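Commentary on secondary and tertiary structure
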Amino acid sequence: MEVCVIAKCTYKSETIMFSVSSESSMVDILKTLCLRFRGLQLGCFTLRYSVPSYPSCFLETDSDLDLMRTFLLISNEKTVDILVKDLCGISEYSGDFCVNKELIACEKGESSCSSTVEDRNEFLGRSKRASAKPLLSNEWETYIHHVGQKFDGGAEEFRLKLCKYALEVGFNFLYAGNDKKRVVAVCSNKKLEGCSWRVYASRCEATGSFVIRTLNNVHTCAGRIRESKSKMMRSRVVSSLIVDRIRAKPELKPVEIIHEFKDYYGIDISYYHAWFGKELAKLDVHGDESKSFNELVWYTDAVKETNTEQVQGQLLCASGKNGNQGFYPLAFGVVDSETEENWTWFLQHLASILLPMGRVVTFFSDRNQGLLNAMGFVFPGWPHSYCYYHLKQNLISKYPKSGYGKLLQDRVINLFSRCAYAVTEEEFKVAMEELVIVGSSKVKAFISDLSRDHYANAFFKGMRYGEMANSLAESFNNWVGVFRDLPVLPLIEGIRQKLMVLNSQRRFEAEKWTTVLCPEMETRLCENTEAGRTWAVRRSNSTVFEVFADYSVMVDLEQRTCSCRLWQIDGFPCTHAVAAILAKRDSVYDYVECYYKTDFFRKAYESPIFPIPDIGKGLGSNGSAAVVVLPPITKRPAGRPPTKRIKVFGEFKRPLKCSRCSVAGHNRKTCKAVI
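Residues numbered from 1 in each chain as written. Predicted model: local features only at pLDDT ≥ 70, side-chain atom pairs only at ≥ 80, totals over all residues. Heavy atoms only, no water.

**A look at the overall build of the protein chain**
Note the following rule: Secondary structure elements are taken from DSSP: a helix is a run of H or I of four residues or more, a strand is a run of E of two residues or more, and numbering for both begins at the N terminus. When accessible area is computed with a 1.4 Å probe and restricted to protein chains, residues below 20% of their type maximum are described as buried, those above 50% as exposed, and intermediate ones as partly exposed.
Of the regular secondary structure elements, the protein chain holds 22 helices and 18 strands. Taking all 675 residues of the protein chain together, the buried fraction comes to 44%.

Printed below as a string of structure tokens:
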């Protein structure tokens, strides 16, 4: 007795059933489908069948059909679900389909076609591959297909796949029941049109997975059309699709997500769904703030175990400069807000690094009052310089940005720069008198509470090494900006990983250096040497020289001073000093501080930052089970939280200027000017 299989074929919202015997061929099945389904034409669709454990199997050739029958016979299955899917279309969503004239000619038996069944099956495969760009959502149509289908991810996986299935098929549904143990969904047209589509799934207590218990996968409402916008595209669906992208690229912007969904899925999503979906994906990847803060217990123990010698403290940041003029992060910490109490806590930890060195260090910062008070408490008497850049921006903000106000602004800033960079008290006095006259009352009010020993070279009491601004801190902020909106643990771990890679790169680079000084400083020394080759040098005693350049200056090699004061300000031999050293026939390198030398640079990076494997991560490791770290108690403001650093008063982004045509508003790469 011949065994027949009942095939349940679904196309859009319609389902038909017919028997498939051992004599049936792919041509017979294709003819039946085209005859029964309105609008379906040969060459414009593909078939996939689903059986338990195998939800999407290709059905294209007679060999595929034989394999399907054999599998069903072995599995003792009497029915099979076959999904009919459009292959190519004139319009992506219109439902108008192209016609494969060659295949139709073959089926009509026209003499122009002599291809065999195998040729036609091969052509079907070529047609599929030659169709329009496939969308990543093509698989979604197979997500819900038969009773008994299991979802190991529980209710959450079932809901997500149900939403994606509805998106691809082209209908909306409502939950008639929805909790951790059961989910019941009906077509949204049930009340209006009496649609009978319904699915019910519940949890299997033995395995914890979700199983479809009943499924009526036939719609009796109006025809379904896959639309580019759908209510089923919710933030949680967006999150599930971009979680891997967020893990690889945390700074992915909502606008980029919107474009990617259109390109890859053919779906339009709102900015809100893109943004909130990103937030949910970040939560899935990194966990919430409470969990992240609590894991600091494990992280602190892990840091102590893996980086015993290097770690000095635990985002406020302090950065210095290495001998090659690159930034060198000293410490960073996470606090709830920028207060005097928090600054004091941070600086006290920083002091544990700096004070044992026995050397006074100069601080650069803006005029944050909490920071100034804390600095005076922790580092009394240490020199502190105001950031010249921030002072300049505050002064600029007092003048109009156009017309005569702009001309006056430029002149005032030029005079203020002369005051700040003046190397002698006489130069400062002349520039300041002119500044007060030009700037009048606005400048007087600005400098009234501004101590000149905090910003002017001529009066500064410490060593500034030529630095005038806290650009190092800004460099660090930009360097770690990609982690700024992450929870505390991935933020700290992300910075640690970047520091580990940076230190390793600099350590290997320094191994290749052959100069006494770091490359940047070696270049500067060569330039200073060349500049003074034609100058006359006269000796006064064993260490004092007079150098005749455009004007005469006195150089004292023992005190390491020059009357031009650049040696004292920059902490590096000026052109006059180099000329005097060469005249004495001493080695110039003996007069350069050790911090600029290659050997010292290598020592700064010789101790690596070690990885912190998290394979054994868990609360309670290393005896810390009783310690719980909670996030700071803060009130979240209304609206979307900011992701960029808040700039200080008067600070603005430097306007973009083309290095090719010197016109503002574009860069060299996009320049179209004819030169």
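**Let's talk about the nonpolar core**
We count it as follows: To form a nonpolar core, buried Ala, Val, Leu, Ile, Met, Phe, Trp, Tyr and Cys residues must be joined to one another through side-chain atoms within 4.5 Å. Here a residue-residue contact requires only that any non-hydrogen atoms of the pair lie within 4.5 Å.
Core analysis: the largest hydrophobic core is formed by 41 residues, its most contacted members being Phe 158, Phe 173, Trp 197, Met 233 and Phe 261. Listing elements by their share of this core, those giving two or more residues are α5 (154-169), β8 (182-187), β9 (198-203), β10 (210-216), α7 (235-248), α8 (254-265) and α9 (271-286). Broken down by element, this core gets its largest block of residues, nine residues, from α5. Beyond its immediate chain neighbours, meaning those up to four positions away, Phe 173 contacts Leu 162, Cys 163, Ala 166, Ala 185, Val 186, Cys 187, Ser 188, Trp 197, Met 232 and Arg 234.

**A look at the pattern of salt bridges**
Applicable threshold: We define a salt bridge as a side-chain nitrogen of Lys or Arg found within 4 Å of a carboxyl oxygen belonging to Asp or Glu.
Evaluated as defined, the whole model comprises 18 salt bridges. Put simply, Arg 245 and Glu 260 hold a salt bridge, and the shortest N to O gap is 2.5 Å. With Arg 245 in helix α7 and Glu 260 in helix α8, the pair connects residues that are 15 residues apart, well separated along the chain. As a salt-bridge pair, Glu 467 and Lys 321 come within 2.5 Å of each other at their nearest N and O atoms. Highlighted residues: Glu 467 in the loop between α16 (425-447) and α17 (471-479) and Lys 321 in strand β11 (residues 316-321), separated in sequence by 146 residues. Judged by relative accessible area, Glu 467 falls into the buried class, the value being 17%. Here the salt bridges do not stand alone but share partners, grouping Arg 411, Arg 418 and Glu 434 into one network.

**Digging into the UniProt feature "domain: SWIM-type" (unreviewed entry) in the protein chain**
Let me state the cut-off plainly: UniProt positions are given in the numbering used here, feature names are shortened, and annotations may be inferred rather than shown by experiment.
Feature annotation in UniProt assigns "domain: SWIM-type" (unreviewed entry) to the following positions: residues 551-585. A helix fraction of 43% and a strand fraction of 20% characterise residues 551-585, whose end C-alpha atoms lie 23 Å from each other.

**Quick word on the confidence of the model for the protein chain**
Put simply, the rule reads: What pLDDT expresses is the predictor's confidence in each residue, scored from 0 to 100.
Taken as a whole, the protein chain shows an average pLDDT of 79; of its residues, 81% reach a score of 70 or greater. Segment residues 88-132: pLDDT under 50, and 71 contacts once partners within four positions in sequence are set aside and those in other chains are kept. Overall, residues 619-625 carries pLDDT values under 50, and its contacts beyond four positions in sequence, including any with other chains, amount to nine contacts.

**Quick word on α5**
The condition that has to hold: The length a helix should cover is 1.5 Å for every residue beyond the first.
For α5, spanning 16 residues, the distance from its first C-alpha to its last is 23 Å, which sits close to the expected 22 Å at 1.5 Å a residue. The element α5 is extensively covered by neighbouring structure, given that twelve of its 16 residues are classed as buried. Inspection of α5 places Gly 154, Ala 155, Phe 158, Leu 160, Leu 162, Cys 163, Lys 164, Tyr 165, Ala 166, Leu 167, Glu 168 and Val 169 among the buried residues, and these make up the whole buried set. Packing partners of the buried residues in α5 comprise β6 (150-151), β7 (173-178), β8, β9, β10 and α7.

**Describing the sheet that holds β6**
Test applied: Being paired, for any two strands, means DSSP has found at least two bridges between them.
Judged by pairing direction, the sheet is antiparallel, and its five strands sit side by side in the order β6-β10-β9-β8-β7 without closing on themselves. In this open sheet, the two edge strands, each paired with only one partner strand, are β6 and β7. Where β7 lies against β8, five bridges are found, and the strand directions are antiparallel. Among the inter-strand pairings, Gly 177 is bridged to a residue of β8, identified as Val 184.

**What about the side chain of Thr 598?**
Quick note on the threshold: The definition of a polar contact used here is a pair of N or O atoms within 3.5 Å, where within protein one atom must be able to donate a hydrogen and the other to accept one, and adjacent residues in sequence count solely through side-chain atom pairs.
Structurally, Thr 598 is set in helix α22 (residues 598-604). Its relative accessible area of 2% is what places Thr 598 among the buried residues. Here the side chain of Thr 598 touches Leu 517 through a polar contact of 3.1 Å, landing on its backbone oxygen. Other than its neighbours up to four places away in sequence, Thr 598 contacts Ala 510, Trp 513, Thr 515, Val 516, Leu 517 and Cys 518.

**Quick look at the pairing of β9**
Regular strands have side chains that alternate between both faces of the sheet. Where β8 lies against β9, five bridges are found, and the strand directions are antiparallel. Looking at β9, one finds that Val 186 is bridged to Arg 198. Both β9 and β10 contribute to a ladder of six bridges, which runs antiparallel. Note on β10: the bridge partner recorded for Val 199 is Leu 215. Where β9 hands over to β10, the hairpin turn is made up of six residues, of which Gly 208 adopts a positive phi near 80°.

**Describing helix α19 (residues 519-531)**
Where we set the bar: By definition, the arc is the one covered by directions from the helix axis to the C-beta atoms.
End to end, α19 covers 19 Å across 13 residues, agreeing with the expected 18 Å (1.5 Å per residue, within 8%). Taken together, the buried positions of α19 are Met 521, Glu 522, Leu 525, Asn 528 and Thr 529. Relative to the axis of α19, the buried residues are bounded by an arc of 125° and lie together on one face. The exposed residues of α19 that point more than 90 degrees off its buried face are Glu 527 and Glu 530. Where α19 is buried, its residues touch α21 (575-584).

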